[in-house]
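Structure assessment
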Amino acid sequence: MLTIRNLDESVKTMLRVQAAQHGWAMEEEVRRILTQATQGQLPELKLGSRIHERFKSIGGLDLPARQKTRPAPTF
């Protein structure tokens, strides 16, 4: 447990906004920021990983099997 006193409201608001943009709780946002500050850069989640994280609590997404790509047209 960690308590931070006298945190400016604008900082709290920005943390809340950043957390919402990442799709997780403000506590998780603060954990990641503190981890990054003390251990170096955290790898940025790519779009596919972020989508997977967002929907895994409801069973994930059923993605269609990949199909062979069509050949490029010749002109």
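Refer to the structure printed above.
Below or above, wherever it landed, is the structure these notes cover. (Residues numbered from 1 in each chain as written. Predicted model: local features only at pLDDT ≥ 70, side-chain atom pairs only at ≥ 80, totals over all residues. Heavy atoms only, no water.)

Turning next to the environment of Ala 72. Topologically, Ala 72 is positioned in the segment after helix H3 (47-55). Sequence-wise, Ala 72 and Lys 46 are 26 residues apart; in three dimensions their C-alpha atoms are separated by 28 Å. (Helix = DSSP H or I, 4+ residues; strand = E, 2+ residues; numbered from the N terminus.)

Moving on, we get to the pattern of salt bridges. The final tally for this structure, using the stated rule, is 4 salt bridges. Measuring nitrogen to oxygen at the nearest pair gives 3.0 Å for the salt bridge that ties Glu 28 to Arg 31. With Glu 28 and Arg 31 both in helix H2 (residues 26-39) and 3 residues apart, this pair spans about one turn of that helix. Three or more residues are tied together by salt bridges with common partners; here these are Glu 27, Glu 28, Arg 31 and Arg 32. (Salt bridge = Lys/Arg side-chain N within 4 Å of Asp/Glu carboxyl O.)

Applying the stated criterion to the full structure yields 0 aromatic pairs. Sitting over the face of the ring of Trp 24, Arg 32 holds its NZ or CZ atom 4.0 Å from the ring centroid. (Phe/Tyr/Trp six-rings, centres within 6.5 Å; stacked < 30°, edge-to-face > 60°. Lys NZ or Arg CZ within 6 Å of the ring centre and 35° of its normal.)

Limitation: the analysis is restricted to geometry and does not speak to function.
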